[in-house]
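Report on the structure
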Amino acid sequence: DEPHAYRDPKAAIEAVKRHGFEVIAEPRRKPKHFEILGRSAKGEVLEFHVELDGDIRKRKPADLNEPKWKSAVPAA
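The rules behind each value
- Residues numbered from 1 in each chain as written.
- Predicted model: local features only at pLDDT ≥ 70, side-chain atom pairs only at ≥ 80, totals over all residues.
- Heavy atoms only, no water.
- Helix = DSSP H or I, 4+ residues; strand = E, 2+ residues; numbered from the N terminus.
- Buried < 20%, exposed > 50% of the residue type's maximum accessible area, 1.4 Å probe, protein only.
- Contact = heavy atoms within 4.5 Å.
- Areas by Shrake-Rupley, 256 points an atom, 1.4 Å probe, with all protein chains shown as cover.
- Arc of directions from axis to C-beta.

Observations concerning the overall build of the protein chain
Summing up its helical and strand segments, the protein chain has 2 helices and 5 strands in all. Starting at the N terminus and ending at the C terminus, the protein chain contains elements arranged as α-β-β-β-β-β-α. Counting across all 76 residues of the protein chain, residues that qualify as buried make up 33%. Long-range pairs, those at least 24 residues apart, make up 34% of the contacts in the protein chain between residues at least 6 apart in sequence. Per element, the accessible surface of the protein chain, about 5100 Å² overall, is 49% carbon and sulfur.

So this is what it looks like as structure tokens:
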């Protein structure tokens, strides 16, 4: 049984917010991290990979046409 299997995404969401990004979709749970979409005040959208303890390990420009995000992002 994975010890973090039911980890709450709150720490991951807060990490993205601390970097000045608004979370714009439900976090996607992976075995060892969360994937979170964030939008800056300037409109830049990034995909964050956040460890279960809230440390951001990766961020990259998000492709909102990618199937995993296309249905997750509310229409603007």
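A short note on helix α1 (residues 10–18)
Residues of α1 that are buried include every one of A12, A15 and V16, and no others. Seen from one end, α1 has its buried residues packed into an arc of 95°, which puts them on one side. Those residues of α1 that are exposed and aimed more than 90 degrees away from the buried face are K10 and R18. Looking at the buried positions of α1, the neighbouring elements they touch are β1 (22–23), β3 (33–39), β4 (45–51) and β5 (56–61). Positive phi appears at G20, one or two residues downstream of α1, with a value of about 85°.

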